[in-house]
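Given next are the chains, with one letter for each unit.
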Amino acid sequence: MADSSMTSDNSSVGDAVSGRGEGASDEDEDLYYIPERRASLDLGPTPMDTSQWHFVDQALTPAQSYEKLSSEGPEEMADEGSPTSVRMERADSYSSCYSIDSNDCEKIIPKEKSKDDITETMNELELIQDPEEIKHPSFTLQFTFKALCDTLKKLQMDDFRMFKWKLWTHYPQPFSASQSMDIVDLVDRLLETFSCEMSVQITRTILVSIKKKNIADHLRTMYIKNQVRHELCDFLIKKYGEELTIGGETMPLDDIYTDLFILSHSDNGPNIEHEIMKINKLNTKRNPDDRLSLAETLSQEWISKTYTRQVYLIGLAGSGKSTFVKKLALDWALGRSHQHFSFVFLLTLKEINQFEGSEISLEDIMENLYPVTKKLKTEGLRYEDSEALFIFDGLDDYPGQFDFSQTEIFSDPSCPIALNILLVNILRGRLLNHARFMVTTRPQVDPCGPWDGHFDEIEMGGFSDTSKDEYFKKRFKDPNQAATVIKYVKSMKTLHIMCHLPLFCTLVADECQRIFGEMGTGAKLPRNITYMYTKLLLKLLNIRRTRAPALKPEEELTFLMGLGKLAFTMLEKGEFRINKTKWPEISNVEAVPRSGLCTQYMITPYVLCNEDVVSFIHPTVQEYMAALYAYLSFTNQDKNIFDQLVKSKFKISSRGPRIMELYKAAMEKSLQCQDGKLDMFLRFLFGMVCKPNQELLQPFLNSSAKIVDLTKDCASLIKKNKGLHHPDRCRSNLERCLEELDM
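Quick notes on the rules
- Residues numbered from 1 in each chain as written.
- Predicted model: local features only at pLDDT ≥ 70, side-chain atom pairs only at ≥ 80, totals over all residues.
- Heavy atoms only, no water.
- Pairing = 2+ DSSP bridges.
- Helix = DSSP H or I, 4+ residues; strand = E, 2+ residues; numbered from the N terminus.
- Expected span 1.5 Å × (residues − 1).
- Buried < 20%, exposed > 50% of the residue type's maximum accessible area, 1.4 Å probe, protein only.
- Arc of directions from axis to C-beta.
- Contact = heavy atoms within 4.5 Å.
- Axes fitted to C-alpha atoms, helices over the stretch in contact; angles between N-to-C directions.
- Parallel < 35°, antiparallel > 145°, perpendicular 65-115°, else oblique.
- Left-handed = near helix turned anticlockwise from the far one by under 90°.
- Nonpolar A, V, L, I, M, F, W, Y, C, P; charged D, E, K, R; others polar.
- Disulfide = S-S within 2.5 Å.
- Salt bridge = Lys/Arg side-chain N within 4 Å of Asp/Glu carboxyl O.
- Core = buried A, V, L, I, M, F, W, Y, C linked by side-chain atoms within 4.5 Å.
- Polar contact = N/O pair within 3.5 Å; in protein donor to acceptor, adjacent residues only side chain to side chain.
- pLDDT = per-residue confidence, 0-100.
- Phe/Tyr/Trp six-rings, centres within 6.5 Å; stacked < 30°, edge-to-face > 60°.
- Lys NZ or Arg CZ within 6 Å of the ring centre and 35° of its normal.

**Here's the deal with the sheet that holds strand β17 (residues 609-616)**
1) Next: Ordered in space as β15-β17-β16, the three strands form an open sheet in which the pairing is antiparallel. Of all strands in the sheet, those bounded by a partner on one side alone are β15 (578-579) and β16 (598-606).
2) Next: Pairing of β15 with β17 involves two bridges; the strand directions are antiparallel. Looking at β17, one finds that Ile578 is bridged to Val614.

Here it is as structure tokens:
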């Protein structure tokens, strides 16, 4: 056991051994057997000369050496000039003396303790803050390790050596071999020895002691921001973790969200796929570009390739923009994507509109909508110091106009200003230099960004064919129900095409779920697509009614009739778009961003010649609006759009309801068209008379109008014409008209 033995002061090995044998007390004899000393080795006639022997103190371990150094100070030791006297003292150490009994067995003799053998008290570090005060669930091992490493990397080499020296001074035992440690090893040892909070406070205290307060403040800023980030994640998960569905039932967003594709540029034009006609590709400003996934949007790679801090996500009404940004915020909160952002804030314009009419700063809005951010202001931190993502969802919800040329410039997020001025400066990119902004909006009539602004525009494409099936599989937990709905949707091409809009998919799923709930899984699903288009119209109008300025019922009906008349006029000409300069007196702001029934985009008919055009969000929506216009014109105004105003009730044949004259004229007009441009119009017109559809349209009918069952009369008219000699296309379309009557 010689490796752990030490000699006493001013004694030789021989003296220790011999002294222990001669001077043992009676009590020691009871504890230890001291064998009789054997004869010394014969070294010759002359005894060994020990007069020139020099005895020095035993050296201590490095840890205890540095402890002694700390008490004397490095400068004193340098000036002292004498050898360092170090003592190694352990409670469990043993004397280096040993004896061998008669059987040649070693006997370990415990060393006697003395007052001089007591270890010096460790110089404890006085922390600048109690670790319990910063205790928080955000102090994970992963975060603390990264924060400490990032902090220590800011030190110069000499400062890092001084940091380690200070650490050895106060905690010699765990850091006895730390002189050769790099940053990673040192942080590892800190976290092995102390808690996360204690490790952070030790680091801050030592940094302040070596006059690196700015780096200590950096570490404090990191953990405060991490606390806010942790609380923000919990807030976002709670707020956006569940999505409302039919009947008040909620489903987790993760369970129902289906991938949406995004086009890397805007102005791609609406979906023009049609069941009957072949509509030529519109001359849009750009060809459809790359498809982006959610993770690729505003990714680290994206940011490294662009210098813009602002992105506009443009999409049709019901294309899934709001769901997309909710999913992005939720994935960030769960640590799945976009972790290069310190914070992600999702703010809807519906929430922001409550501050209209008052002066407010962006920071005040954040504190109102995200109370967890109050800690940033309390601790004196600013949003400018963080790489944050601000998402403003639904710019089309804002009722005001943006004047980029006359509105004054502001760049201070803490300055209270009018909401309109605040939004204009956000869209200018004047606020928060290190932050990124994403703005979602429907296509706008007027530019939503300044002409000299630097921003990217991407476009929401909605569902692909694969995503449509995936959505229904997620929506219906019963595989049989999901398979039934998918087969049902694919059996009607127009229905399947329109499901590229997630909102339309949701309406179809809600209707099927209602039928399954009432009649069971084996229930027959309706073949009437007009009913689904009416539900889409009512859904968009309900969304419109939540926006300012509100429309009175008669104003809303006037708007629909004007838009329907435009749809029918364009349909007769075989047109599916109109130049913005030729737009009629109908409010294009009402048609495009507010109601969402139309869209505006830019085309390039000639080289270096751009034009703004307006169209309906899908050709079949134009055909539906034309049919609605024809139906309401006759019902409310006694007006046959084919024969103008019906002058006298007596001119109508007494056989059957008067409205059948409209259907006879529409039938004749449709069968005369060789290109089938009125086929879908005719199908929707017959679908209007179906009783469930008439009930939905009741708000648009005059108070004197009554729901009349015209199913048999319409079916008789269709069958009569179906028996005549018509092209296969016409016969097939008449068959679809019967389906609209649920027959």
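**Some details on helix α28 (residues 711-722)**
1) Next: End to end, α28 covers 16 Å across 12 residues, agreeing with the expected 16 Å (1.5 Å per residue, within 8%).
2) Next: Among all positions in α28, only Thr711, Cys714, Ala715, Leu717, Ile718 and Asn721 are buried. Across the axial projection of α28, the buried residues extend over an arc of 160 degrees, all falling on one side. Away from its buried face by more than 90 degrees, α28 exposes Lys712 and Lys720.
3) Next: Elements that come into contact with the buried residues of α28 comprise α25 (660-672), α26 (679-687) and α29 (728-740).

**Comments concerning helix α12 (residues 321-333)**
1) Next: Between its terminal C-alpha atoms α12 stretches 19 Å, which fits the 18 Å expected from 13 residues at 1.5 Å a residue.
2) Next: Buried residues dominate α12, accounting for 10 of its 13 residues.
3) Next: Inspection of α12 places Lys321, Phe324, Val325, Lys327, Leu328, Ala329, Leu330, Asp331, Trp332 and Ala333 among the buried residues, and these make up the whole buried set.
4) Next: Of the residues one or two after α12, Gly335 is the one with positive phi, at around 80 degrees.

**Description of the sheet that holds strand β14 (residues 456-462)**
1) Next: Spatially, β7-β6-β14-β8-β13-β11-β9 is the arrangement adopted by the seven strands of the open sheet, whose pairing is mixed. Edge strands, defined here as strands with exactly one partner in the open sheet, are β7 (291-292) and β9 (343-348).
2) Next: In this structure, strand β8 (residues 310-314) lies alongside strand β13 (residues 436-441), joined through five bridges in parallel fashion. Bridge pairing in β13 links Leu313 to Thr440.

**Overview of the packing of helix α22 (residues 553-572) against helix α24 (residues 619-637)**
1) Next: Between α22 and α24, whose axes approach to 7 Å, the crossing angle comes to 120 degrees. Put simply, α22 runs oblique to α24. By crossing handedness, the relation of α22 to α24 is classed as left-handed. Contacts between α22 and α24 pair Leu557, Leu560, Met561, Leu563, Gly564, Lys565, Ala567, Phe568, Met570 and Leu571 from the former with Gln622, Glu623, Met625, Ala626, Tyr629, Leu632, Ser633, Asn636 and Gln637 from the latter.
2) Next: Its residues placed into classes, the contact of α22 with α24 shows 12 nonpolar, five polar and two charged.

**Focus on the state of the cysteines**
One covalent bond between the sulfur atoms of two cysteine residues makes up a disulfide.
1) Next: According to the stated counting rule, one finds zero disulfides in the structure shown.
2) Next: With no disulfide of its own, Cys730 lies 9.0 Å from the sulfur of Cys673, the closest cysteine sulfur.

**Considering the pattern of salt bridges**
1) Next: Under the criterion given, the structure shown has 36 salt bridges.
2) Next: Residue Lys326 is joined to Glu243 by a salt bridge in which the shortest nitrogen-to-oxygen separation is 3.9 Å. Note that Lys326 is positioned in helix α12 and Glu243 in strand β4 (residues 242-244), a separation of 83 residues in sequence.
3) Next: Residue classification places Lys326 among the partly exposed residues on the basis of a relative accessible area of 24%.
4) Next: Sharing partners across several salt bridges, the network here consists of Asp254, Lys327, Asp331 and Arg336.

**Brief notes about the pairing of β9**
1) Next: Within β9, six of the six residues are buried, which leaves the element mostly enclosed by the surrounding structure.
2) Next: Neither face of β9 is left uncovered, since the one carrying Phe343, Phe345 and Leu347 and the one carrying Val344, Leu346 and Thr348 both have all their residues buried.

**Some points on the nonpolar core**
1) Next: Among the nonpolar cores identified, the biggest contains 210 residues, and Phe390, Phe472, Tyr663 and Phe681 are the most heavily contacted of them.
2) Next: Apart from the residues within four sequence positions on either side, Phe681 is in contact with Phe568, Leu571, Glu623, Ala626, Ala627, Ala630, Ile641, Phe642 and Ala666.

**Overview of the side chain of Lys327**
1) Next: In this fold, Lys327 is placed in helix α12.
2) Next: The buried category is assigned to Lys327, whose relative accessible area is 9%.
3) Next: One polar contact links Lys327 to Asp254, side chain to side chain, over a distance of 2.5 Å.
4) Next: Excluding anything up to four places from it in sequence, Lys327 contacts Leu253, Asp254, Tyr257, Leu294 and Arg336.

**Here's the deal with unusual backbone geometry**
1) Next: Of the consecutive residues Ala548 and Pro549, the connecting peptide bond is found in the cis state with omega at -5 degrees.
2) Next: When you line up the elements, Pro549 lands in the loop between α21 (529-545) and α22.
3) Next: Backbone geometry places Asp267, a non-glycine residue, at a positive phi of 60 degrees.
4) Next: Assessed through its relative accessible area of 15%, Asp267 is described here as buried.
5) Next: A positive phi angle is found at His338, which is not glycine, with a value near 55 degrees.
6) Next: The exposure class assigned to His338 is buried, which follows from its relative accessible area of 5%.

**Side note on the pairing of strand β11 (residues 388-393)**
1) Next: Judged by how many residues are buried, β11 sits mostly within the fold: six of six residues are covered.
2) Next: Burial of β11 is two-sided: the residues Ala388, Phe390 and Phe392 facing one way and the residues Leu389, Ile391 and Asp393 facing the other way are all buried.
3) Next: Pairing analysis gives six bridges linking β9 to β11, with the strands arranged parallel. Of the residues in β11, the one forming a bridge with Leu347 is Phe392.
4) Next: Here five bridges tie β11 to β13, and the two strands are oriented parallel to one another. Bridge pairing in β13 links Phe390 to Phe437.

**Examining the confidence of the model for the protein chain**
Interpretation of this model should avoid reading the predicted coordinates in detail wherever pLDDT is low.
1) Next: For the protein chain, per-residue confidence averages 82 on the pLDDT scale, and 80% of positions sit at 70 or higher.
2) Next: Note on residues 66-121: pLDDT under 50 across the span, and 80 contacts to partners over four residues away in sequence or across chains.

**What to know about the packing of aromatic side chains**
1) Next: As enumerated under the stated definition, the model contains 23 aromatic pairs in all.
2) Next: With a centroid separation of 5.8 Å and an interplanar angle of 40 degrees, the aromatic rings of Phe463 and Tyr471 are classed as tilted. For the pair shown, Phe463 and Tyr471 are each scored as buried.
3) Next: Taken together, the aromatic side chains of Phe235, Phe343, Phe345, Tyr370, Phe390, Phe392 and Phe437 make up a single cluster linked through ring pairs.
4) Next: Here the basic side chain of Lys239 rests over the ring of Tyr370, its NZ or CZ set 5.8 Å away from the ring centre.
5) Next: Just above the ring of Phe261 sits the side chain of Arg291; from NZ or CZ to the centre is 3.7 Å.

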